[in-house]
Amino acid sequence: MCGIVGFSSKTTSAVGPLVNGLSRLEYRGYDSAGVALASAEGLRIYKQTGKVAKLAQLLERALPERERAKYTLGIAHTRWATHGLPTVANAHPHVADGGRLALVHNGIIENYAALRAGLEKRGVKFLSQTDTEVLAHLVAAFDKGDFLAAVCDALKRVEGTYGLAAISARHPGEMVVARKGSPLVIGIGEKDVVVASDVSAIVAYTRQVIYLKDGDVAMITPDGVDIHSLDNAPVAREVQEVDWDLGAIEKGGYEHFMIKEIFEQPEALANTLRGRLDAANGTALLSGLNLSPRELAAVRRLVIVGCGTSLHAGMVGKYLFESLADVPVSPEQAAEFRYSNPIVGPDDWVIALSQSGETADTLAAVRESIRKGALVSGLCNVVGSTIAREAGRGVYLHAGPEISVASTKAFTAQVTALLMTALKLGRTRRLSREAGDRLVSEISRIPDLVGKVLEQNDAIAAVAQKYAQANDLFFIGRGILYPAALEGALKIKEVAYVHAEGYQAAELKHGPIALLSEKTPVVALLANIPGKEKTLGNVQECRARNAPVLGIVTAGDASAKAVLSDAIEVPATGVELSPIVSVVALQLFAYHVARLRGCEIDQPRNLAKSVTVE
Ligand code: G6P
């Protein structure tokens, strides 16, 4: 949610790296973008509404190539609006001190109204409606000659969350960055230092990075990085090596990141599985969980928290853990969980699911669960992310960077990781060796089975043509396929802007069926698992109301096809894998519908990939 980039060099112009960095971070927010550039003559600010490409055009016009060299220091921002409309005035960087100080910020300043009122009383004039602008003025107000101290003094007055970067014409060559609740990574290049909200904006320059922790403030100059606490005490942070390369965050010939990431799934899932299945014992290894058999055996209840697609993966997890490990599971929307004064304690195991590892509500749920003494694990994709670090134990998905705002490969990787976790927990309890063996061999087929669904891409594109005009869609599934229906509906809402709802197949007749007509198609999840016949009965009810029904069916299931208007085939699997193959088909379906409707697929309106505000 909002992307920040900062660049500091002795020799290289900051303009190119800042714009490149912003375009890599655009998935974090894209309603406006801006840069502040520093030279010996002072600061220059350029801001633009809309996407980074528009800012790049503005810079092309305003700043000829020959003038760029003198700007070797700068900060930049791409915004997802929270306080104030997406206008140029509200775009970052925000300035203070008569344009001598510029600041970019990701997060929310909760006490901004009080701070603003105080500053206004002292005569400060505000130019925007944002919460961020108070930060810029506060830093300016505290600047008595030491830039780092000024930022620290300002931040001590602030309640809320921030990842920020600031520069000032009074402090040439210096950039101060700070983090609390919003991620910030520092990349250490040979000659340059790059700062960004995540490593995707850094890997083009260096793989050596420092992940700042909450409460860290850093002074960055072309000579290096000095990290301090808010009380100005030096702190040491390890330099780590990122294992992503540039290819992983580029489109590689695909038209969109979404389709690239859908097609990456066989490889991504092979990476999720690598070295984690223990065929000799019919179980999974998952050393990162760091839980002894005794601790696992003592678990009385599981709570799986997440948001969006991660929540849907968690709902699949309920069926997996309950059937394989005989343990009751509550999947909980993370925000609802954290504010419900949750009843969790030492007998409970809380699993936080998050692709980014930065979602504010999921992180808060983790902290609340730790406070209440529960066992807490993170299942995250982004290595070194806040949830992964604070949970302290867990399973990395290793699905590679996910850039498309709509999540695809992270979902299948999450379900795969949950399945292995359920297998491991099951084998410490009642799950037999034979059942464990069967699951190990089934799980190892996941990459191939997903590959088989991808072979249906052309067929799915053809079916999508028949449904692309619908303005309302219902997705139905039962049991383990109910969360798959929710995920199918979410994908189509996110990327194709079609109103869609996911329902338990049996629930449709308790109200929503009133909305069915020949113009309101239904997508039914009909993989051949127990309960399918009942869902087929529900399909008949829909057909009797003239609703076209598209079924996701097991290959060769003629009896299911006979009652459907259209069908997409997925390979035969056991119950546990049925949501994986079904959702991959629904991802492709949503992608093609969105494409046919001419939608902006990778960056849908109003959304952001990483939601770091509550
Ligand atoms: C945002 C994204 C969704 C994602 C959700 C949770 O809403 O647009 O695609 O599922 O956040 O993100 P997380 O990183 O915690 O999985």
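Conventions adopted
Residues numbered from 1 in each chain as written. Predicted model: local features only at pLDDT ≥ 70, side-chain atom pairs only at ≥ 80, totals over all residues. Heavy atoms only, no water. Helix = DSSP H or I, 4+ residues; strand = E, 2+ residues; numbered from the N terminus. Rg over C-alpha atoms; globule rule 2.2 N^0.38 Å. Buried < 20%, exposed > 50% of the residue type's maximum accessible area, 1.4 Å probe, protein only. 1 Å grid on protein atoms, 1.4 Å probe; cavity = no way out; pocket = protein on both sides within 12 Å on 5 of 7 lines; lining within 4 Å. Points joined across faces, edges and corners; volume = space filled by probe spheres on them. Nonpolar A, V, L, I, M, F, W, Y, C, P; charged D, E, K, R; others polar. Domains from an automatic or database assignment. Expected span 1.5 Å × (residues − 1). Arc of directions from axis to C-beta. Contact = heavy atoms within 4.5 Å. Pairing = 2+ DSSP bridges. Axes fitted to C-alpha atoms, helices over the stretch in contact; angles between N-to-C directions. Salt bridge = Lys/Arg side-chain N within 4 Å of Asp/Glu carboxyl O.

Trainee: Describe the overall build of the protein chain, with residues and values.
Mentor: Counting its secondary structure elements, the protein chain contains 21 helices and 26 strands. What you see for the protein chain is a C-alpha radius of gyration of 25 Å, in line with the 25 Å of a compact globule of 614 residues. Along the first, second and third principal axes, the C-alpha set of the protein chain runs to 75 × 55 × 45 Å. Taking all 614 residues of the protein chain together, the buried fraction comes to 60%.

Trainee: Go over empty space enclosed by the protein with me, naming the residues and quoting the values.
Mentor: Any empty space left between the atoms is revealed when a probe the size of a water molecule rolls over them. Evaluation of the coordinates by the stated rule reveals three cavities of 30 Å³ or more. For the largest cavity, the calculated volume is near 250 Å³. Of the residues assigned to the lining of the largest cavity, the class counts are 12 nonpolar, eight polar and seven charged. Each of domain 1 (3–249) and domain 2 (251–444) gives at least three residues to the lining of the largest cavity. Reported here for the second largest cavity is a volume of approximately 80 Å³. Contributing to the lining of the second largest cavity are 13 residues, with Cys2, Trp80, Thr82, His92 and Gly107 lying nearest its centre. Broken down by class, the residue content of the lining of the second largest cavity amounts to four nonpolar, seven polar and two charged.

Trainee: For helix H15 (residues 433–444), give the residues involved together with the corresponding values.
Mentor: Taking 1.5 Å as the rise per residue, H15 with 12 residues should run 16 Å; its terminal C-alpha atoms sit 16 Å apart, in good agreement. Inspection of H15 places Gly436, Leu439, Val440, Glu442 and Ile443 among the buried residues, and these make up the whole buried set. All buried residues of H15 lie within an arc of 165 degrees about the axis, which places them on one face of the element. Packed against the buried residues of H15 are helix H8 (265–273), strand E15 (277–278), strand E16 (283–284), helix H10 (308–325), helix H14 (409–427) and helix H16 (446–454).

Trainee: Which residues make up the domain arrangement of the protein chain, and what are the values?
Mentor: As far as domains go, the protein chain holds domain 1 (3–249), domain 2 (251–444) and domain 3 (454–604). The straight-line distance from the C-alpha centre of domain 1 to that of domain 3 is 44 Å.

Trainee: A description of the layout of surface pockets should follow, citing residues and the corresponding values.
Mentor: Considering only enclosed or pocket space, the largest pocket measures out at about 560 Å³ in volume. Mapped onto the lining of the largest pocket, the elements with two or more residues apiece are H10, strand E19 (348–354), helix H12 (360–371) and helix H18 (482–496). Looking at the lining of the largest pocket, its residues break down into 12 nonpolar, 10 polar and six charged. Split by domain, the lining of the largest pocket shows at least three residues from each of two domains, domain 2 (251–444) and domain 3 (454–604). Residues that form the lining of the second largest pocket fall into these classes: six nonpolar, five polar and eight charged. Here the lining of the second largest pocket gathers at least three residues from each of two domains, domain 1 (3–249) and domain 2 (251–444).

Trainee: Outline the sheet that holds strand E12 (residues 216–221), listing residues and values.
Mentor: Sheet strands pair via backbone hydrogen bonds, and the direction of the pair is either parallel or antiparallel. Spatial strand order, E5-E6-E7-E8-E12-E13: six strands in an open sheet with antiparallel pairing. Lying at the two open borders of the sheet, with one neighbouring strand each, are strand E5 (94–96) and strand E13 (224–229). Strand after strand, the sheet turns through a mean of 20 degrees between neighbouring axes, direction not considered. Of the pairings in the sheet, the one linking strand E8 (residues 175–180) to E12 comprises four bridges and is antiparallel in character. Counted as the bridge partner of valine 176 is methionine 219 from E12.

Trainee: Before we move on, could you go through the sheet that holds strand E2 (residues 32–39) and cite the residues and values that matter?
Mentor: What the eight strands build is an open sheet, ordered E3-E2-E4-E1-E10-E9-E11-E14; its pairing is antiparallel. Looking at strand neighbours, the two that pair on one side only are strand E3 (42–49) and strand E14 (240–241), the edges of this open sheet. In terms of strand pairing, strand E9 (residues 185–188) meets strand E10 (residues 192–196) through four bridges, oriented antiparallel. Within E10, the position partnered with isoleucine 186 by the bridge is valine 195.

Trainee: Explain the environment of glycine 98 to me, and be specific about the residues and the numbers.
Mentor: Looking at the element boundaries, glycine 98 is found in the loop between E5 and strand E6 (101–106). Using a relative accessible area of 80% as the deciding quantity, one classes glycine 98 as exposed.

Trainee: So what's going on with the pairing of E19? Which residues, and what values?
Mentor: Along E19, seven of the seven residues are buried, which leaves the element largely enclosed by surrounding structure. Residue alternation in E19 divides its side chains into two sets, Asp348, Val350, Ala352 and Ser354 and Trp349, Ile351 and Leu353, and both sets are buried. Sheet topology note: the strand E17 (residues 301–306)/E19 ladder contains five bridges and is parallel. Paired with valine 305 across the bridge in E19 is alanine 352. Sheet analysis places E19 next to strand E20 (residues 375–380), joined by six bridges and oriented parallel. Note that in E20 the partner of isoleucine 351 across the bridge is serine 377.

Trainee: Tell me about helix H5 (residues 132–142), and please be specific about residues and values.
Mentor: Among the 11 residues of H5, eight are classified as buried, and the element is accordingly described as predominantly covered. For H5, the complete set of buried residues consists of Thr132, Glu133, Val134, Leu135, Ala136, His137, Leu138 and Val139. The inward-facing, buried residues of H5 contact E5, E6, helix H4 (112–121), helix H6 (147–156) and strand E7 (162–168).

Trainee: Which residues make up the pattern of salt bridges, and what values go with them?
Mentor: Applying the stated rule across the entire model yields 30 salt bridges. As a salt-bridge pair, aspartate 223 and lysine 10 come within 2.5 Å of each other at their nearest N and O atoms. Placement of aspartate 223 in the loop between E12 and E13 and of lysine 10 in the loop between strand E1 (3–9) and helix H1 (15–25) is noted, with a sequence separation of 213 residues between them. Take aspartate 223 and lysine 10: they sit in the same class, and that class is exposed. Linking aspartate 566 and lysine 466 is a salt bridge whose minimum nitrogen-to-oxygen distance equals 2.7 Å. Of the two residues, aspartate 566 sits in strand E26 (residues 566–570) while lysine 466 sits in helix H17 (residues 457–467), which places them 100 residues apart along the sequence. Counted as one network, the salt bridges with shared partners bring together Arg179, Asp214, Arg367 and Glu390.

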